[in-house]
Amino acid sequence: MRISFEQPAIVLFLYRCTLNLFGRTEVIDNTLNPDFVRKYILDYFFEEKQNLRFDVYDIDSKSPDLAKHDFLGQVFCTLGEIVGSPASRLEKPLGFYLCFSLSLSLSCSGIPGKKCGTIILSVEELGNCRVIATMQFCAHKLDRKDFFGKSDPFLVFYRSNEDGTFTICHKTEVVKNTLNPVWQAIAIPVRALCNGDFDRTIKAEVYDWDRDGSHDFIGEFTTSYRDLSRGQSQFNVYEVVNAKKKIKKKRYINSGTVTMLSFAVESEHTFLDYIKGGTQIHFTVAIDFTASNGNPSQSTSLHYMNPYQMNAYAMALKAVGEIIQDYDSDKMFPALGFGAKLPPDGHVSHEFPLNGNIENPYCNGMEGILEAYHQSLKTVQLYGPTNFSPVVNHVAKYAAVVQDGSQYFVLLIITDGVISDMAQTKEAIVNAAKIPMSIIIVGVGHAEFDAMVELDGDDIRISSRGKLAERDIVQFVPFRDYMDRTGNHVLSMARLAKDVLAEIPEQLILYMKNRGIKPCPLPPPNEEPGPEDQDHTHPYLSPTPTPI
């Protein structure tokens, strides 16, 4: 870092709805190029936009009041932006800024010609983040939920958050027609379970699986990583309790028990190992242009462009895209549409570029995608049907070309209705599960999305022509479940992103593990990453890929 003052220190602020002071570095005397020793330890979540602000001061006295010291400049970035930089090392110029908003998006203006120096930020992962816990559970005498049978139970594990909420971290498979299931062993990163706090509450819910997605709640129990790590013992036999039943029935004891059968830990390569090693995440969006969305010029349409607020399509795109873009070096993203009649001849297309350029469908950042989306609404005719397989196969053919671990592809499909080509889409997903690719499907509007649940392999692994998908690569959510009742769209978007992106790191790791791909080695600590350390090639502009 190069500045023109002699006793610099850095202050870190975090944005968590409000601006919070997180910590300060030490003060280094008499240097224009300080190398700070003190490190900030932050909880990193791929699925969240973690906004940071670094303020640099010239410390003139021992006063803790920052107003009594000379302000030198500041830098805004996200934690993901640092992680996603080559070798997780980000260099940015310091500037003087006037902040007009303390929301998640900041409007700033700098002072032209003012050279304030440069700040270099780097991150490294703590050792305990690499630990994977492998556990196996069984249950005994669970409640019967199916009228003509027993139950089809599965477990869902949640990590507790600082604000008292819970975040899902794993679902087991479904064991059919039994009240005494034995689930397969599950492997969960310890960080995902408890975020490094061994005494943090872990909640497990037991459900009876239903085909339509309306799973019946059997009961729940709580534990902690410290208790789980004791392995098979009397400490890890849990009563499954349904609070509503307990209130209604005086003689109610429990809805069965869950017992740990085994516990083991091992260290593995992490998501950050691959990102630091240069793995790029390529983001593609596909938007539903079928007629069921309604006339875009009318306020009842899901595509209606309200000048005062984003529609659901734009919110879903921005929520997911603004996080993933930190892991793509040049922020250029292909954007596709499906289900529309295109000019000039009115032919129906299920994989057309929103910017109208078949040879180069890339848009510049999220704003570029939104602009292309709005322009498409003015030029195409909404039609149908709702076919997913063309856009899935479109992205898959590019992902199939680069299976060396240098690139991973994420396709976001935003749709309003029932899928029309289920068989073809299932086949496309089973094929895509073998290559470096994940799929996120966000349902907008108030349609029934029962068919989408089948594509999400959390409960039952998707299959086609008798072949099971190698990995679970699909995450489906209806956006209406995340809409904030007070109308706070920033909160709605954050909730959506948190759930749909949470599985991407594990899906990427599983692909790498199945293929035996290890992270690329990092450059030496004192060597700055060069252009060769990161692949900037656009897959869409590379030589024509071989279809799967």
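Residues numbered from 1 in each chain as written. Predicted model: local features only at pLDDT ≥ 70, side-chain atom pairs only at ≥ 80, totals over all residues. Heavy atoms only, no water.

Student: Please explain helix α9 (residues 422-432) as it appears in this structure.
Tutor: Because each turn of an α-helix spans 3.6 residues, side chains separated by three or four positions end up pointing in the same direction. Restricting attention to buried positions, one finds in α9 the residues Met422, Thr425, Lys426, Ala428, Ile429, Val430 and Ala432. Taken together, the buried residues of α9 touch α8 (389-399), β23 (437-443), α10 (450-455), β24 (463-464), β25 (467-468) and β26 (474-478). (Buried < 20%, exposed > 50% of the residue type's maximum accessible area, 1.4 Å probe, protein only. Helix = DSSP H or I, 4+ residues; strand = E, 2+ residues; numbered from the N terminus. Contact = heavy atoms within 4.5 Å.)

Student: What am I meant to see in the sheet that holds strand β17 (residues 340-342) here?
Tutor: Pairing between sheet strands relies on hydrogen bonds along the backbone, with the strands arranged either parallel or antiparallel. With respect to topology, three strands assemble into an open sheet ordered β18-β17-β21, the strand pairing being antiparallel. Each end of this open sheet is capped by a strand with a single partner; those strands are β18 (347-349) and β21 (381-382). (Pairing = 2+ DSSP bridges.)

Student: Looking at this structure, how should I read the packing of aromatic side chains?
Tutor: Two aromatic rings, taken as a pair, are described by how far apart their centres are and by the angle between their planes. Scanning all chains against the criterion turns up 19 aromatic pairs. Ring centres of Phe283 and Phe333 lie 5.9 Å apart, and the angle between their planes is 75°; this geometry places the pair in the edge-to-face category. Of the two residues, Phe283 is situated in strand β15 (residues 280-288) and Phe333 in strand β16 (residues 332-338); the sequence distance between them amounts to 50 residues. Judged by its relative accessible area of 0%, Phe333 is buried. On the numbers, 5.8 Å between centres and 80° between planes, the contact of Phe338 with Phe388 is edge-to-face. Here Phe338, found in strand β16, pairs with Phe388, found in the loop between β21 and α8; they are 50 residues apart in sequence, far enough to count as distant. Each member of the pair, Phe338 as well as Phe388, carries the same accessibility label: buried. An aromatic cluster of three or more residues is present, and its members are Phe289, Tyr313, Phe352 and Tyr373. (Phe/Tyr/Trp six-rings, centres within 6.5 Å; stacked < 30°, edge-to-face > 60°.)

Student: Is there a simple way to explain the sheet that holds strand β8 (residues 153-160) in this structure?
Tutor: The strand order β9-β8-β11-β12 describes an open sheet built from four strands, whose pairing is antiparallel. Every interior strand has two partners, whereas the edge strands, β9 (166-171) and β12 (216-224), have only one. Within the sheet, the average angular offset between the axes of one strand and its neighbour, ignoring direction, is 30°. Examined bridge by bridge, β8 and β9 share five bridges and lie antiparallel to one another. Bridging across to β9, Phe157 finds its partner in His170. (Axes fitted to C-alpha atoms, helices over the stretch in contact; angles between N-to-C directions.)

Student: Before we go on, may I ask you to explain the packing of α8 against α9 in this structure?
Tutor: Relative placement of two packed helices is described by the angle separating their axes and the distance separating the axes. One way to put it is that α8 packs onto α9 with a least axis distance of 9 Å and a crossing angle of 20°. With respect to their mutual orientation, α8 and α9 come out roughly parallel. Considering how the two elements wind past one another, α8 and α9 form a crossing that is left-handed. The segment α8 lies against α9, with Ser389, Val392 and Asn393 engaging Gln424, Thr425, Ala428 and Ile429. Of the residues assigned to the contact of α8 with α9, the class counts are three nonpolar, four polar and no charged. (Parallel < 35°, antiparallel > 145°, perpendicular 65-115°, else oblique. Left-handed = near helix turned anticlockwise from the far one by under 90°. Nonpolar A, V, L, I, M, F, W, Y, C, P; charged D, E, K, R; others polar.)

Student: Got a minute to help me understand unusual backbone geometry in this structure?
Tutor: Apart from glycine, the bulk of residues carry a negative phi angle, and the bulk of peptide bonds sit in the trans form. Residue Pro343 is joined to Pro344 through a cis peptide bond whose omega torsion reads 0°. Relative to the helices and strands, Pro344 resides in the loop between β17 and β18. Following Gly384, the chain continues into Pro385 via a peptide bond in cis, with omega recorded as 0°. Mapped onto the fold, Pro385 is located in the loop between β21 and α8. The phi dihedral of Lys141 falls on the positive side, at around 55°, and the residue is not glycine. Here Lys141 lies in the loop between β7 (131-140) and β8.

Student: Before we go on, may I ask you to explain the confidence of the model for the chain in this structure?
Tutor: When pLDDT drops low, the exact placement of atoms in the prediction is not to be read closely. With 89% of its residues at a pLDDT of 70 or more, the chain has an overall mean of 85. Low pLDDT, under 50, characterises residues 1-5; the predicted model gives this stretch 27 contacts beyond four residues in sequence or across chains. This stretch, residues 97-113, has a pLDDT under 50; its non-local contacts, to residues over four places away or in other chains, come to 25 contacts. (pLDDT = per-residue confidence, 0-100.)

Student: Please clarify how the pattern of salt bridges should be interpreted in this entry.
Tutor: One side chain can pair with another of opposite charge once the charged atoms of both are near each other. Tallied over the full model, the rule gives 16 salt bridges. As a salt-bridge pair, Glu367 and Lys318 come within 3.1 Å of each other at their nearest N and O atoms. One end of the pair, Glu367, is in helix α7 (residues 365-379); the other, Lys318, is in helix α6 (residues 312-324), with 49 residues separating them in the sequence. When its relative accessible area of 52% is taken as the criterion, Glu367 is described as exposed. (Salt bridge = Lys/Arg side-chain N within 4 Å of Asp/Glu carboxyl O.)

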